[in-house]
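# Observations on the model geometry
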Amino acid sequence: MFEIPTSAKQHDESRQGEALLLEKDPKKHNGRKLYIESYGCQMNFSDSEIVASILLDSGFETTRDYKEADVIFINTCSIRENAEQRVRNRLKEFESAKAKNPGMVVGVLGCMAERLKSKFLEEEKLVDVVVGPDAYRDLPNLIEKVDEGSRAVNVLLSREETYADISPVRLNSNGVTAFISIMRGCDNMCSFCVVPFTRGRERSRDPQSIVKEAQDLFHAGYREVTLLGQNVDSYKYAAPTADGEEPAVNFANLLELVAQVNPLLRVRFSTSHPKDITDEVLHTMGKYENICKYIHLPIQSGNSRVLNLMNRTYDREWYKERVDAIRRIIPNCGISTDVITGFCSETEEEHQDTLSMMDYVKYDYAYMFAYSERPGTLAAKRYADDVPEEVKKRRLTEVVNKQREHSLERLQTYVGKTHSVLIEGLSKRSDKDYCGRNDQNAMVVFPVDERYHVGDYVKVYADRCTSATLIGRIVD
Ligand code: SAH
Ligand code: SF4
Ligand code: F3S
């Protein structure tokens with residue numbers, strides 16, 4: 001792990017899998033227990049909530065202990081080689097549970113399932129069922145096939161599936177913050193990236209179903225939603241009508257619709273693509289107090305030649321201009337990023353351009369990775385993965401060290417100020433403290449005050465900070 005620990009968890013692809021606990025009771029029990037564990041980005045975690053909903057409707061109960069499960073699902077990520085390795089190691093740990101309970105069904109879902117397809121069944125004898133991200137409605141049927149003695153695969157990708165009508169079961173929820181998928185797939189072809197192959201074509205979800213999900217969450221007590229997509233700025237939905245299509249809803253329009261659900265519902269979103277983020281979106285953010293002033297804007301590299309090889313379709317100047325626009329239109333906006341070090345043929349000078357870009361932006365937070373070649377991607381086909389591993393790692397360390405300084409610098413600018421904080425729960429370290437985040441997504445810890453509860457907004461004065469957290473007290 002090369003990440004600086006922080007609260008910005010909505011985009012943490014390298015996160016460990018977690019056992020998930022269901023909140024609602026199944027309609028009719030079938031006497032079988034489901035255990036589901038997720039890896040990868042927040043979209044995968046969000047998909048697990050759809051999977052849980054589908055299986056709950058067909059009668060499954062859930063368990064937090066895989067050893068007592070009848071069905072184990074592992075929702076997988078392919079983004080880097082180590083993400084896949086982690087899944088394979090985890091599968092090995094399920095072997096003894098399956099040996100004790102031969103009727104147990106082990107399923108691999110998500111991006112690795114899509115990438116490897118039926119090859120997975122050859123490579124991992126333990127696995128009974130392989131299901132890609134667009135085929136989850138078929139899960140009850142596929143489990144039935146396994147029950148009848150076959151092994152089952154459905155990795156069909158769809159141009160339409162958005163699971164818009166499925167009401168996700170909130171898993172491991174704090175009851176205050178939730179994720180809403182607004183689109184699926186990706187139509188960009190960043191040369192390093194496996195996502196277009198594992199998630200298929202980009203499609204946007206009907207805005208009415210998104211607004212309804214936000215309203216339902218608000219009525220259930222939730223106070224923050226994060227709208228999720230690989231490139232939210234290219235969100236576009238036009239409802240078909242008898243005589244053509246209604247005017248399209250773009251991302252700025254959608255943001256506004258969700259912000260209008262209730263002023264007490266905070267709205268966040270991820271991920272913004274530098275080529276697509278518009279001033280219209282920035283002005284909408286400025287217009288609504290409940291749209292959090294925080295943008296995740298992955299740069300990947302600060303050098304224009306490398307960006308071109310990466311097929312990111314913007315250059316250094318374009319990215320700078322977008323950052324300038326953010327600073328101009330939303331002066332108090334937090335910005336985070338993703339960086340890849342050691343991409344094919346990256347020189348030392350080009351790496352320095354990434355560092356200087358970091359100095360220019362001073363990100364609040366960054367997810368930083370050494371380049372990992374993924375089979376089938378444009379880069380794997382076209383370019384040699386020629387930066388030696390130790391050079392990639394050394395450059396990564398330089399990027400991580402710089403980011404550590406900037407994260408601290410940014411936090412220090414929040415010290416001595418009062419922040420609006422949504423109480424998310426008790427702090428991990430002490431049940432005498434609450435934790436929550438400010439508008440810019442910084443984690444804030446402050447003493448419990450009996451007058452306020454989880455889900456309330458409070459004004460917190462930040463007295464000081466550690467490397468990743470603001471520490472303060474409630475002020476009236
Ligand atoms: N849709 C998002 C990225 C999703 S993947 C975007 O376009 O910004 C999350 C991050 O993983 C990427 O931003 C990138 O920094 C990293 N990543 C993707 N493929 C990678 C690879 N092959 N090696 C290393 N890091 C990679
Ligand atoms: Fe991958 Fe690029 Fe799509 Fe992001 S925009 S998911 S990096 S192809
Ligand atoms: Fe991983 Fe798939 Fe997300 S590859 S990062 S789980 S879209």
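Because the structure is predicted, anything quoted here is derived from the model rather than measured. (Residues numbered from 1 in each chain as written. Chains lettered and ligands numbered in written order. Predicted model: local features only at pLDDT ≥ 70, side-chain atom pairs only at ≥ 80, totals over all residues. Heavy atoms only, no water.)

## Remarks on the site of ligand 2
Counted only if it meets this: Nearness here has a simple test: a residue counts as near a molecule or strand if at least one of its heavy atoms is within 4 Å of that partner. In this count, Pro and Cys sit with the nonpolar residues alongside Ala, Val, Leu, Ile, Met, Phe, Trp and Tyr, while Asp, Glu, Lys and Arg are called charged and the others, Gly among them, polar.
In the vicinity of ligand 2, the contacting residues are Cys186, Asn188, Cys190, Phe192, Cys193, Val195, Pro196, Gln230, His273 and Arg312. Counted by class, the shell around ligand 2 contains six nonpolar, three polar and one charged residues.

## Some words on the environment of proline 140
We apply this condition: Only DSSP runs of H or I with at least four residues qualify as helices, and only runs of E with at least two residues qualify as strands; both kinds are numbered from the N terminus onward. Contact definition: two residues touch when any of their heavy atoms are within 4.5 Å.
Within the secondary structure, proline 140 is located in helix H5 (residues 139–147). Taking the C-alpha atoms as reference points, proline 140 and aspartate 57, separated by 83 residues in sequence, lie 9.4 Å from one another. Other than its neighbours up to four places away in sequence, proline 140 contacts Ile54, Leu55 and Ser58.

## Points about unusual backbone geometry
In plain terms, the rule: Any residue under 20% of the maximum accessible area for its type is buried, any over 50% is exposed, and the rest in between are partly exposed; the area is computed with a 1.4 Å probe on protein chains only.
The amide bond that connects serine 270 to the next residue, threonine 271, takes the cis arrangement and shows omega of 15°. Looking at where threonine 271 falls in the secondary structure, it is placed in the loop between strand S16 (266–270) and helix H9 (279–287). Look at tyrosine 163: it is not a glycine, yet its phi comes out positive at around 55°. By the element assignment, tyrosine 163 lies in the loop between strand S7 (152–154) and strand S8 (177–181). Despite not being glycine, asparagine 172 shows a phi value in the positive range, around 45°. Mapped onto the elements, asparagine 172 comes out in the loop between S7 and S8. Overall, asparagine 172 belongs to the partly exposed group, its relative accessible area being 33%.

## Some details on the packing of H9 against helix H11 (residues 316–329)
Using the following cut-off: Axis lines are fitted through C-alpha atoms, for helices just across the contact stretch, and the angle between N-to-C directions can take any value from 0 to 180 degrees. Each angle receives one of four descriptions, namely roughly parallel if under 35 degrees, roughly antiparallel if over 145, roughly perpendicular if within 65 to 115, and oblique otherwise. Two helices crossing with the near one rotated counterclockwise from the far one by less than a right angle form a left-handed crossing, whereas a clockwise rotation gives a right-handed crossing.
Running from amino to carboxyl end, H9 crosses H11 at an angle of 25°, the nearest separation of the two axes being 10 Å. Comparing the axis directions of H9 and H11 gives the class roughly parallel. Where H9 crosses over H11, the handedness of that crossing is right-handed. Of H11, the residues touching H9 (which contributes Asp279, Leu282 and His283) are Arg322, Ala325, Ile326, Arg328 and Ile329. Tallied by class, residues from the contact of H9 with H11 come to four nonpolar, one polar and three charged.

## Quick look at the packing of helix H8 (residues 251–259) against H9
At a closest axis distance of 8 Å, the pairing of H8 and H9 adopts a crossing angle of 15°. Relative to H9, H8 is oriented roughly parallel. By crossing handedness, the relation of H8 to H9 is classed as right-handed. For the pair H8 and H9, the contacting residues are Phe251, Ala252, Asn253, Leu255 and Glu256 in the first and Glu280, Val281, Thr284, Met285 and Lys287 in the second. Grouping the constituent residues of the contact of H8 with H9 by class yields five nonpolar, two polar and three charged.

## Some details on the sheet that holds strand S17 (residues 294–296)
Rules: Pairs of strands are assigned from DSSP output, requiring at least two bridges between the strands.
Strand order in the open sheet formed by three strands is S17-S18-S19, and the pairing between neighbours is parallel. Looking at strand neighbours, the two that pair on one side only are S17 and strand S19 (365–370), the edges of this open sheet. Taken over all neighbouring pairs, the strand axes of this sheet differ in orientation by 10° on average, direction set aside. Taken together, the three bridges between S17 and strand S18 (residues 334–341) define a ladder with parallel strand orientation. If you follow isoleucine 295 over to S18, its bridge partner there is isoleucine 335.

## Remarks on the nonpolar core
Here is the rule we go by: What we call a nonpolar core is a set of buried Ala, Val, Leu, Ile, Met, Phe, Trp, Tyr and Cys residues that are connected through their side-chain atoms within 4.5 Å.
Grouped together as the largest cluster of nonpolar side chains are 69 residues, with contacts concentrated most on Ile182, Leu227, Phe251, Met285 and Ile295. Beyond its immediate sequence surroundings of up to four residues, phenylalanine 251 is in contact with Ile182, Leu227, Val232, Asp233, Tyr235, Phe269 and Val281.

## Details of the site of ligand 3
Which entries qualify depends on this criterion: What counts as a domain boundary in this text is fixed by an automatic or database domain assignment.
Near ligand 3, the surroundings consist of 11 residues, among which Cys41, Cys77, Ser78, Cys111 and Gln230 are the closest. For the shell around ligand 3, the per-class residue count stands at five nonpolar, four polar and two charged. Counting residues domain by domain, the shell around ligand 3 receives three or more from each of domain 1 (19–154) and domain 2 (170–414).

## Regarding the domain arrangement of the protein chain
Put simply, the rule is: The salt bridge definition used is simple: a Lys or Arg side-chain nitrogen within 4 Å of an Asp or Glu carboxyl oxygen. Polar contacts here mean pairs of N or O atoms no more than 3.5 Å apart (in protein, one a potential hydrogen donor and the other a potential acceptor; neighbouring residues in sequence count only if both atoms are side-chain atoms).
Assigned domains of the protein chain: these are domain 1 (19–154), domain 2 (170–414) and domain 3 (418–474). The gap between the C-alpha centroids of domain 1 and domain 2 is 28 Å. Joining domain 1 to domain 2, the criterion identifies six salt bridges. Inspection of the region where domain 1 meets domain 2 yields 12 residue pairs in polar contact (both at pLDDT 80 or more). The greatest single-element share of the side of domain 1 that touches domain 2, amounting to eight residues, is contributed by helix H1 (residues 42–57). For the side of domain 1 that touches domain 2, the class distribution of residues is 10 nonpolar, five polar and 10 charged.

## Comments concerning the pattern of salt bridges
Going through the model one piece at a time under the given rule, you end up with 43 salt bridges. Its salt-bridge partner being arginine 88, residue glutamate 124 comes within 2.8 Å of it at the nearest N-O pair. One end of the pair, glutamate 124, is in the loop between helix H4 (119–123) and strand S6 (129–131); the other, arginine 88, is in helix H2 (residues 81–100), and 36 residues separate them in sequence. Under the relative-accessibility criterion, arginine 88 is labelled buried at 15%. The partner of glutamate 398 in a salt bridge is arginine 394, with the nearest N and O atoms 3.2 Å apart. Linking glutamate 398 with arginine 394, this pair stays in helix H14 (residues 389–414), spanning four residues, or about one helical turn. A relative accessible area of 28% means that glutamate 398 is categorised as partly exposed. Counted as one network, the salt bridges with shared partners bring together Asp47, Asp134, Arg184, Arg199 and Arg203.

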